Amino acid sequence: MKTIPIKGVLGACLLLPALAACGASGTASSGTSSAARPSGAVTTSCGLETRVPAPPKRAISLEQNATEIMLSLGLADRMVSTSYQTDPVLPSLAAEYKKVPVLAKQYPNHEAVLAEEPDFLYSTLSSAYADEAAGPRAGWKKLGVPAYLSAHDCESPKLTPDEVRFDAIFNEVKDIAAVFGVEQRGEKTVKDLRIRLDRAVREAPKNTGAKLMWYYSGTTTPYIAGHGGLPSTVSKQVGVDNAFDDIRQKWPAGNWEEIAERDPDVIVLADLTRGGDGDSAEAKKRFLRANPVTSQLDAVRNNRFIVVPGSAMDPSIRSVSLAEEVSKGLNALYG
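As the structure is a computational prediction, the values presented were derived from the model and not from experiment.

Colleague: What's the story with empty space enclosed by the protein in this structure? I'm lost.
Modeller: Any empty space left between the atoms is revealed when a probe the size of a water molecule rolls over them. Under the criterion given, the structure shown has two cavities of 30 Å³ or more. In terms of lining, the second largest cavity is formed by Ile69, Thr124, His152, Ile169, Glu172, Pro315 and Ser316. A class-by-class count of the residues in the lining of the second largest cavity yields three nonpolar, three polar and one charged.

Colleague: For this particular structure, what's the right way to read helix H1 (residues 64-72)?
Modeller: Taking burial as the measure, the nine residues of H1 include eight buried ones, the bulk of the element. What H1 keeps buried is the set Gln64, Asn65, Ala66, Thr67, Glu68, Ile69, Met70 and Leu71. Along its buried surface, H1 packs onto strand S4 (59-61), strand S5 (79-83), helix H2 (94-97), strand S7 (120-123) and helix H5 (166-179). You can read the cap of H1 off the contacts: a side-chain oxygen lies 2.8 Å from the backbone nitrogen of Asn65, and it is on Glu63. Taken from the residues just after H1, Gly74 is the one with a positive phi, measuring 75 degrees.

Colleague: What's the story with the nonpolar core in this structure? I'm lost.
Modeller: Nonpolar side chains tend to gather and get buried jointly when the protein is soluble and globular. Ranked by size, the top nonpolar core spans 55 residues in total, and within it Ile176, Phe180, Leu212 and Trp214 carry the most contacts. Broken down by element, this core gets its largest block of residues, seven residues, from H5. Leaving out residues up to four positions away in the same chain, Trp214 has contacts with Tyr223, Ile224, Ala225, Pro231, Val234, Ser235, Asn242, Trp251, Val268, Met313, Leu322 and Val326. The next biggest cluster of nonpolar side chains, apart from the first, holds 16 residues, and it includes Tyr215, Ile259, Ala299 and Val300.

Colleague: Explanation requested: unusual backbone geometry in the structure shown.
Modeller: Among all residues except glycine, the phi angle is most often negative; among peptide bonds, the trans geometry is most common. One non-glycine residue, Glu117, adopts positive backbone phi at about 50 degrees. Position of Glu117 relative to the elements: it lies in the loop between helix H3 (110-115) and S7. Residue classification places Glu117 among the partly exposed residues on the basis of a relative accessible area of 31%. One non-glycine residue with positive phi stands out, namely Asp263, at about 45 degrees. Mapped onto the elements, Asp263 comes out in the loop between helix H8 (256-262) and strand S12 (266-271). For Asp263, a relative accessible area of 26% corresponds to the partly exposed category.

Colleague: I keep staring at the pattern of salt bridges and nothing clicks. Help me out?
Modeller: Side chains bearing opposite charge may pair, as long as their charged atoms lie close to each other. Using the criterion set out here, one finds 13 salt bridges in the structure. When the shortest N-O distance is used, the salt bridge between Lys285 and Glu282 registers 3.7 Å. Of this pair, Lys285 and Glu282 both sit in helix H9 (residues 281-290), three residues apart, which is roughly one turn of the helix. Using a relative accessible area of 45% as the deciding quantity, one classes Glu282 as partly exposed. Across the pair Arg304 and Asp298 runs a salt bridge whose closest N-O atoms are separated by 1.9 Å. There is no split in this pair, since Arg304 and Asp298 are both buried. Connected via shared salt-bridge partners are Asp246, Glu258 and Arg262.

Colleague: What is the right way to look at the side chain of Thr124 in this model?
Modeller: Residue placement: Thr124 occurs in the loop between S7 and helix H4 (137-142). Look at Thr124 and you get buried, because its relative accessible area is 5%. Setting aside chain neighbours within four positions, we find Thr124 in contact with Glu63, Asn65, Ala66, Ile69, Leu149, Ser150, Asp153 and Glu172.

Colleague: Just to check I follow, could you spell out the environment of Asp192 for this structure?
Modeller: Within the secondary structure, Asp192 sits in helix H6 (residues 183-203). For Asp192, a relative accessible area of 33% translates into the label partly exposed.

Colleague: Mind showing me how you'd approach the environment of Tyr215 here?
Modeller: Assignment of secondary structure puts Tyr215 in strand S9 (residues 211-217). By relative accessible area, Tyr215 is classed as buried at 0%. Spatially, the C-alpha atoms of Tyr215 and Ala270 are 6.3 Å apart, while their sequence positions differ by 55 residues. Excluding anything up to four places from it in sequence, Tyr215 contacts Pro222, Tyr223, Ile224, Trp256, Ile267, Val268, Leu269, Ala270, Lys284, Phe287, Leu288 and Met313. A polar contact of 2.5 Å, which involves the side chain of Tyr215, links it to the backbone oxygen of Gly218.

Colleague: Explain the layout of surface pockets to me, please; I cannot follow it from the model alone.
Modeller: Roughly 870 Å³ of volume is contained in the largest pocket. Around the largest pocket sit 35 residues that line it, and Asn65, Thr86, Leu125, Tyr216 and Asp314 are the ones nearest its centre. Looking at the lining of the largest pocket, the elements with two or more residues in it are H1 and strand S6 (102-104). Grouping the constituent residues of the lining of the largest pocket by class yields 13 nonpolar, 15 polar and seven charged. What lines the second largest pocket is a set of 16 residues, and nearest its centre among them are Leu90, Ser92, Arg196, Ile317 and Ser321. Counting residues per element, the ones that place at least two in the lining of the second largest pocket are H6 and helix H11 (319-334). At four residues, H6 tops the list of elements feeding residues into the lining of the second largest pocket. Counted by class, the lining of the second largest pocket contains eight nonpolar, four polar and four charged residues.

Cut-offs used in this document
- Residues numbered from 1 in each chain as written.
- Predicted model: local features only at pLDDT ≥ 70, side-chain atom pairs only at ≥ 80, totals over all residues.
- Heavy atoms only, no water.
- 1 Å grid on protein atoms, 1.4 Å probe; cavity = no way out; pocket = protein on both sides within 12 Å on 5 of 7 lines; lining within 4 Å.
- Points joined across faces, edges and corners; volume = space filled by probe spheres on them.
- Nonpolar A, V, L, I, M, F, W, Y, C, P; charged D, E, K, R; others polar.
- Buried < 20%, exposed > 50% of the residue type's maximum accessible area, 1.4 Å probe, protein only.
- Helix = DSSP H or I, 4+ residues; strand = E, 2+ residues; numbered from the N terminus.
- Contact = heavy atoms within 4.5 Å.
- Polar contact = N/O pair within 3.5 Å; in protein donor to acceptor, adjacent residues only side chain to side chain.
- Core = buried A, V, L, I, M, F, W, Y, C linked by side-chain atoms within 4.5 Å.
- Salt bridge = Lys/Arg side-chain N within 4 Å of Asp/Glu carboxyl O.

Nothing here speaks to function; it is all geometry.
Set out below in C-alpha cells:
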C-alpha cells in the first residue's frame, strides 16, 4: 500500500454533487501548514489506484478499526459518519468518537453511504465493500469517491500478504495521514507505537518455550489462530510459539480432540462483546473448565490464561497493545 503526494492541483473534480471540490484544503486541524501541504494524493490500496484531489472533509469509516485509526490521527472533524462498532472504543478516543454520527450499527448499505455525500471511504476489512454493504470500491471510484482498503484483507487473496507485519500496519497509518494532509501526526503516532512495541518485546520473558493457543470464538467449533495472522506475528515478536502455526490459515476452525493432543501451555482468550456463543473471555473459561476434554488441558488445569480484547487480534491501531498484553501476561505466568 503506497500513498504518493501530488505536488500540483488536480484538474479533475469529484463527480458527485456537494462533495469536496478540487484544490488545496486550508483546514486548520491539519498537522502541516497549508503552504507545505500537498494539494492531493494518489492512494493505491489492494491494487486499486485512486486519486484524492484534496484532504477529505466528509470521510466515512466503515468499521471500528478504521474509525480508531482516523481518531488517533485527530480526524474526527473530517468524518461525516462512522459504523460497525464491535467493542467499546479505546478510552483515549471515546470523547472524539462521540462527535462522529453513527451511520449504521453494522455495515451501511450503498444507498445509506451515498446519501452522506462522502469524499473518502475507509475500511480495514473487505467485507465493508461487499455488494450488500457499501458496495465495491471500483464503483465508488467511478463516482469520484476514493475508497481505501487495508492490505491485510484485500478483495483478492492474491494481493493479501501471507503474514501480518507491524511495518504494514504502521505504513497504513502513514497512508491515511498523508491522504488527510496530517503527515506529522502520522509520523508521531507511528513513532509512539514503535516505542511501545519495542518495550513490549524487550520486557517479555525469555526462553519460556511456551506454546500458545489463540482462542477467538465458538465452543462447538472453536476458531483459533493459525499461520499468518496477527497472533502468529505477535507470538514471534515476544518469543513464544503459536501452537497451530503449521496450519496455513489465519483463522482455521479447530476441534477439541486435536487441541487436546497438542495441549498448549497457555491459552490467549479473545474477550468479545457481541454476545455470541463463547464470545466473552469468562464464557470461554466456563466452557473450558466444564467440557470433559478441555478441562484436562494443561493450561486449563493450571489457569494459564491471557485475556485480550477480541478486536486487538485484528491488524489495527490496537495491534501494539496486543503485544503489550501478551508480554505482560507471560511475565505474570513465567516472569
